[in-house]
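# Structural overview for review
So you can see what is in the structure, the chains are spelled out below.
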Amino acid sequence: MFIQLTLVSMIHINKKYLFSLLLLLYVFVCKSHAIDDKKYGYGLTFWAHSTNQDQRTSLELAPDAPLHLPCDGFSLEFDIKLRKEVYTYGYVTRIISNDSSCLDLISYLVSAKVNVVFTDDGGVVENKEFINPSCVMANKWMHVNIRFTPNSVYVQMGKLKTVLPHTFKSFKNIKIYFGGSKHSHFFSTDVAPMTIRNIVISDNKGKELRKWRLAQHDRNSTLDSIEGAKALVKNGIWEIDKHTKWALIESIEIDNINPQSAYDDVGGRIFIASSHRLYIYSVYSNRLDSVSFAGHPYMGVSSQLVYDRESDRLISYSPTVAKLNFYDFKRRAWSSTANIVVTMRQHHNRFIDFTRKELVLFGGYGQHHYNALLSRVPLDGSKQWHTVSLAPMICPRYLSALCVEDKNNVLIMGGHGSKSGKQEESPTNFYDLYRLNFHTGVCRKLWDFQNDKDHFAFGNSMVLDSATNSVYALTYNNDRYNTFLYLSRFKINTKSPAQQIMGDSIIYNFLDIHSYCDLFLCKSTSSLYAIVIQGYGDNNSKISFYRLAFPPILEKDVLPHYSGGYSFYLVVSSLIITFMIVFLIIVLRTMKEKKKTGMASLTDAEEKLYGSLDDTQPVTIYEEKGYSKILLVGGFLVTDKRGQNITGEFTPTLKHLFLFLLLNSMKDERGTTSQCLDETFWFDMSKSNASNNRNVNIRKLRLIVDRIGGVSISSRNGYWNLSLDGEVVCDYRDIMQILGEFRKRESSLTREKLELLVSRASGGDLLPNISSEWLDEYKSEYGVAVTETLLSIIDHPAFRSDMRLLLKIADVVLAIDSIDEDAIRLKCRILNQMGQKGLSKQSFDKFCNEYERLLNTHPDFSYKDIAGFS
């Protein structure tokens, strides 16, 4: 009845105003439930060969009933981003007609290859293959358009285009799968490692029939925005969830109760300094490195460490010590050799005033007193610390959060303290926000609010979001040990301040001065990073790094926009589209006709390039046996004989023990001695305790390796040995065997072995996320052996004319050593010869940026020096 009355009323409205009203309603319905493409990452990421078949991803469009599409044809469009893994072969999409004919789009990233395959009841009808490294690339969005007419299908993937005949009898019974498929006739478990988004099915006049953006979703489905049709997802990773869920990206344990932390929000690095070692984590490469150093940082509770990006150095400090303590990355040394422990100004806030070249501190706690002190010291050491009290403008406190607002002001939020500064005089939590001019010392309260819920304090740093007039901070309950870290958003200029919790939580054990958390935004990765330090035992700490895509989203905003209001929004949308369809179809038809004229055929230049690549010798695919795998290159991964990923079964100690036995046994057939094990892992224990711990851990390890299958741990003549049989795939073993044969006899390196070597080594470094002194020797030997061998054979008569293989060799070397000059010269030269001058220059620019970041200087050759080969 409501709809009937509405329609009658509309008839009497001037058509001009009716159109304006409908347009506004349409924008309201769409905008109030859509996620801004420019601000948020979205799409569906597929689990592929890195996990077993039961855990791989599949997406089925319209699973409840086949799609009935127009008889004159339709188009399927989507965006795809392929990613690099050990195994990259797999199905992108399968389009099935009448359960008897199928079009497959298959990618094989390691060979830069795409296949378009038609199959019917009689077998394979057509198989078009493309090999193009400049088009089929990792981590780059490409648009795919598959358009059916009654007799042909036009396929475009990025710059790759082709036209094929098809055997589809009709378009009235169409099923579409992405990734895995459980179809009774066309089933598959080979999934391409990829991310998909913006799936659109249209008729051949350009009218959109279905549209799944793959953004808002529930647990295992998502709705199309045109008719609310459901698409079914199994084992998918929703990219939009990265804006709501913290992801643990690294965790380390060290024998130091209060390690120091700092971050480089521009260079994307996190620094953890113990008393004898510096750990550096790169958010770009997801790699953790550690180095020993000369001298000592100042140690103590909370953190007295900060990164100076203008001078590329770490600064360890204490307001009770006159001199600043600088860390030189090139010399790997601190300027101070004194072992100083800091006890004052615990959990203070700090930042660098780059205008005045000063280090500035605020607040803190020590000896049962809170303070509101503002301390500053020149970075050049020309003056002593200068300290003033900001009380009573702001109450003494610690556990507060701070961020730099502009070149003159910082914002300070919350904390725990008291008006007098004395711990015994009614300490409380503060829920307020101040703007401090750190040049003049003027501090002004912007707001405060009464918190009637659980008490909470703050992580050390806030993140400023000027665009939304907001700040983000980590908050947690400071009245208990077992608590959680929450990302909280607060408006800056508001009359109604309130805490708004964004996303999920991080487990946090608050132990006052023996726990610490910090937050920063890396704009290059559009992500927030949380640093969480928690002490345990007598002298140990666990440090964890978490990532959350920025800006964060409320979890309720990720749910499908039809949930709870499906009928209303569908009816409103249908009414709007009905009135606007005449206007839209004219525009879309015009655009579609223009688009169709550019799809019919390949250009002469493209056919020449594709033809030359099609004539290259195909890559030999190395057949794997069984499912048991022990992968060490590019990261640690173990699967058992059933294909299950059991990497999580290894505790840190068992992981290191397993690797120690494995690598020593491969280096020396005898393995390693009990004494060597005890000195490496239990050096601080008595002989009997070390022996007991060794035996207990080896028993635990044997239970795990029994699940792998083909792995045995034995003890003979005082030596421990870990052996693998031929059914177990181990990338490191394969690589070292090939390199060993090559060193003995160069002629032993056949094409098949070289391609296997390149495939196995494509992951990059050996165990990049595991750090230990005993492992450094293996990492160094591996990197040198692989790079020297590969670079030594680029002029070999059997391989020097295979540009595709040489390009892959260059990529492998650069994955191990990102600033290898011979590799970048080879890569740029090959790309130039293939006519890919833009990609060649882009690769060189990336090399230069990495070279400057690591060595703080420019390479001594220019692009022109190596680009003159074309």
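This text gives an overview of the structure that appears in the document. (Residues numbered from 1 in each chain as written. Predicted model: local features only at pLDDT ≥ 70, side-chain atom pairs only at ≥ 80, totals over all residues. Heavy atoms only, no water.)

### Details of the sheet that holds strand S49 (residues 637-639)
So the rule is basically this: Should DSSP find at least two bridges between two strands, the strands are regarded as paired. Strands are runs of DSSP state E lasting at least 2 residues, helices are runs of H or I lasting at least 4, and numbering of each runs from the N terminus.
Here three strands make up an open sheet; going across it, the order is S49-S48-S53 and the pairing mixed. In this open sheet, the two strands that pair with only one neighbour each are S49 and strand S53 (729-730). As paired elements, strand S48 (residues 629-631) and S49 share three bridges and run antiparallel to each other. Within S49, the residue paired with isoleucine 630 across the bridge is valine 638.

### Some thoughts on the side chain of lysine 629
Stated formally: The cut-offs for exposure are 20% and 50% of the maximum accessible area for each residue type, with area from a 1.4 Å probe on protein chains only; residues under the lower value are buried, those over the upper are exposed, and the others partly exposed. For this analysis, residues touch if any pair of their heavy atoms sits within 4.5 Å.
As for its placement among the helices and strands, lysine 629 is situated in strand S48. By relative accessible area, which is 15% here, lysine 629 ends up buried. Leaving out residues up to four positions away in the same chain, lysine 629 has contacts with Tyr87, Leu637, Val638, Thr639 and Val729.

### Description of empty space enclosed by the protein
The test is simple: Only protein atoms enter the 1 Å grid used here, on which a cavity is any set of points holding a 1.4 Å probe that cannot leave and a pocket is any open set flanked by protein within 12 Å on both sides along at least five of seven lines; residues with an atom within 4 Å of a point are listed as lining. Grid points are joined across faces, edges and corners, and a volume is the space filled by probe spheres set on the points.
Overall, the coordinates contain five cavities of 30 Å³ or more when judged by the stated rule. Estimated volume of the largest cavity: approximately 60 Å³. His347, Asn349, Leu399, Ser400, Phe458, Gly459, Asn460, Tyr476, Tyr508, Ser515, Tyr516 and Cys517 together form the lining of the largest cavity. Of all the secondary-structure elements, those providing two or more residues to the lining of the largest cavity are strand S41 (457-465) and strand S45 (515-522).

### Here we look at the sheet that holds S45
Put simply, the test is: The axes are straight lines fitted to the C-alpha atoms, using for helices just the contacting stretch, and the angles between their N-to-C directions are given from 0 to 180°.
The strand order S19-S47-S46-S45 describes an open sheet built from four strands, whose pairing is antiparallel. Two strands in the sheet have a free side with no partner beyond their single neighbour: strand S19 (247-254) and S45. Adjacent strand axes in the sheet meet at a mean angle of 15°, parallel and antiparallel pairs treated alike. Of the strand pairs in this sheet, S45 and strand S46 (residues 527-536) are connected by eight bridges, and their pairing is antiparallel. Across the sheet, residue cysteine 517 finds its bridge partner in S46, namely valine 532.

### Some remarks on the side chain of histidine 348
Heads up, the condition is: Polar contacts, as used here, are pairs of N or O atoms within 3.5 Å; protein pairs need one atom able to donate a hydrogen and one able to accept it. Residues neighboring in sequence count only if both atoms are side-chain atoms.
Its place among the elements puts histidine 348 in the loop between strand S29 (341-342) and strand S30 (349-353). Looking at histidine 348, the relative accessible area reads 2%, which means it is buried. A distance of 2.5 Å separates a polar atom in the side chain of histidine 348 from the backbone oxygen of arginine 345.

### Let's talk about unusual backbone geometry
Between alanine 391 and proline 392 the backbone carries a cis peptide bond, its omega angle lying at 5°. With respect to the secondary-structure elements, proline 392 resides in the loop between strand S35 (386-389) and strand S36 (397-398). Geometrically, the link from phenylalanine 550 to proline 551 is a cis peptide bond, its omega value of 0° lying close to zero. Here proline 551 lies in the loop between strand S47 (540-549) and helix H3 (566-597). A positive phi angle is found at serine 302, which is not glycine, with a value near 55°. Structurally, serine 302 can be placed in the loop between strand S24 (299-300) and strand S25 (305-308). The phi dihedral of asparagine 717 is positive, around 55°, even though this residue is not glycine. Its place among the elements puts asparagine 717 in the loop between strand S51 (711-716) and strand S52 (719-724).

### Here's the deal with the packing of aromatic side chains
Any two aromatic rings considered together are summarised by their centre-to-centre distance and by the angle between their planes. This is how the line gets drawn: To pair, rings of Phe, Tyr and Trp, with the six-membered ring standing in for Trp, must have centres within 6.5 Å; the planes then decide the type, stacked if under 30 degrees apart, edge-to-face if over 60, and tilted in the middle.
Here the structure, examined in full by the defined rule, presents 43 aromatic pairs. On the basis of an interplanar angle of 50° and a centroid distance of 5.0 Å, the ring pair of tyrosine 327 and tryptophan 334 is categorised as tilted. There is no split in this pair, since tyrosine 327 and tryptophan 334 are both buried. Seen in terms of ring centroids, tyrosine 431 and phenylalanine 449 are 5.7 Å apart; in terms of plane orientation they differ by 35°. Their pairing is tilted. With a gap of 18 residues between them, tyrosine 431 in strand S39 (residues 428-437) and phenylalanine 449 in the loop between strand S40 (443-448) and S41 connect regions that are remote in the sequence.

### Description of helix H5 (residues 652-667)
Our working rule: By this rule the span expected of a helix is its residue count minus one, scaled by 1.5 Å.
In this model H5 runs 22 Å from its N-terminal to its C-terminal C-alpha over 16 residues, within 8% of the 22 Å that 1.5 Å per residue would give. Within the span of H5, buried status applies to Leu654, His656, Leu657, Phe658, Leu659, Phe660, Leu661, Leu662, Leu663, Asn664 and Ser665.

### Considerations on helix H8 (residues 731-744)
If you check H8, its first and last C-alpha atoms are 20 Å apart, about what 14 residues at 1.5 Å a residue would give, namely 20 Å. Looking at H8, one finds that the buried residues are Asp731, Tyr732, Arg733, Asp734, Ile735, Ile738, Leu739, Gly740 and Phe742. On the buried face of H8, the contacting elements are S48, H5, S52, S53, helix H9 (751-761) and helix H10 (773-792).

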